[in-house]
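# Structural description and commentary
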Amino acid sequence: MPSAGKTKRRKSSRKKSELDSALSQISDESVAAAKEEFQDLLAQAKGDTSELIRQNAEELEERLVLLKKRKIDKEDFDHFVENQKRDLRVFIDSQPAQAQERTEKLTLQVLEVAAKVAIALI
């Protein structure tokens, strides 16, 4: 089973290195804590057993890379984040009560922190 998780991580290693490269360029100390929190939450989300949580993390990562490359603007990124939040709230509400807090952390919270980090990327 652990090898399956490693395989998935390898598939996105190119994207991860692009994002890591972009994040490493952030030198603003006021964003440092948000950047670390984002990287931790994103790693947790990408390793989660829920396909929707993993998919959200991967799409978020792609959007941040596009934002950094200026292929999308901040307004497009914000629109993506708001749409994801709306859709994920429905998913969170459908989860058993004991799973809702973790699901919210790996979806809504990662999106909120990404929005803070995105400001430093542009």
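Residues numbered from 1 in each chain as written. Predicted model: local features only at pLDDT ≥ 70, side-chain atom pairs only at ≥ 80, totals over all residues. Heavy atoms only, no water.

## With respect to the confidence of the model for the protein chain
- Mean pLDDT over the protein chain: 82, with 82% of residues reaching 70 or higher.
- By mean pLDDT, the top-scoring element of the protein chain is helix α5 (residues 74-93) (95), and the lowest-scoring one is helix α1 (residues 2-11) (42).
- Every residue in residues 1-14 scores below 50 in pLDDT, and together they form 3 contacts with partners more than four places removed in sequence or on other chains. (pLDDT = per-residue confidence, 0-100. Helix = DSSP H or I, 4+ residues; strand = E, 2+ residues; numbered from the N terminus. Contact = heavy atoms within 4.5 Å.)

## Considerations on the environment of Asp78
- Here Asp78 is to be found in helix α5.
- Linking Asp78 and Ala115, residues 37 residues apart in sequence, is a C-alpha distance of 7.2 Å.
- Among the polar contacts listed, one links the side chain of Asp78 to the side chain of Lys74, at a separation of 2.6 Å. (Polar contact = N/O pair within 3.5 Å; in protein donor to acceptor, adjacent residues only side chain to side chain.)

## As for the side chain of Thr103
- Mapping Thr103 onto the fold places it in helix α6 (residues 97-121).
- Discounting chain neighbours no more than four positions away, the residues touching Thr103 are Ile53, Phe91, Ile92 and Gln95.

## Overview of unusual backbone geometry
- Notably, Arg70 is not glycine yet its phi reads approximately 65°, a positive angle.
- Position of Arg70 among the secondary structure elements: in the loop between α4 (51-68) and α5.
- The exposure class assigned to Arg70 is exposed, which follows from its relative accessible area of 61%. (Buried < 20%, exposed > 50% of the residue type's maximum accessible area, 1.4 Å probe, protein only.)

## Let's talk about the environment of Leu23
- Note that Leu23 resides in helix α2 (residues 13-24).
- Each C-alpha atom of the pair Leu23 and Ala118 lies 9.3 Å from the other, and the pair is 95 residues apart in sequence.
- Here Leu23 is in contact with Lys35, Phe38, Gln39, Val117 and Leu121, once residues within four sequence places are set aside.

## Regarding the pattern of salt bridges
- Within the structure shown, the criterion is met by 6 salt bridges.
- The shortest N-O distance in the salt bridge between Asp78 and Lys74 comes to 2.6 Å. Here Asp78 and its partner Lys74 are both found in helix α5, 4 residues apart, which amounts to about one turn of the helix.
- With a relative accessible area of 30%, Asp78 lands in the partly exposed category.
- Take Lys74: its relative accessible area is 21%, and that puts it in the partly exposed class.
- Among the salt bridges present, the one from Lys85 reaches Glu82, with a minimum N-O distance of 3.8 Å. Taken together, the residues Lys85 and Glu82, both in helix α5 and 3 residues apart, mark about one turn of the helix.
- A relative accessible area of 11% means that Lys85 is categorised as buried. (Salt bridge = Lys/Arg side-chain N within 4 Å of Asp/Glu carboxyl O.)

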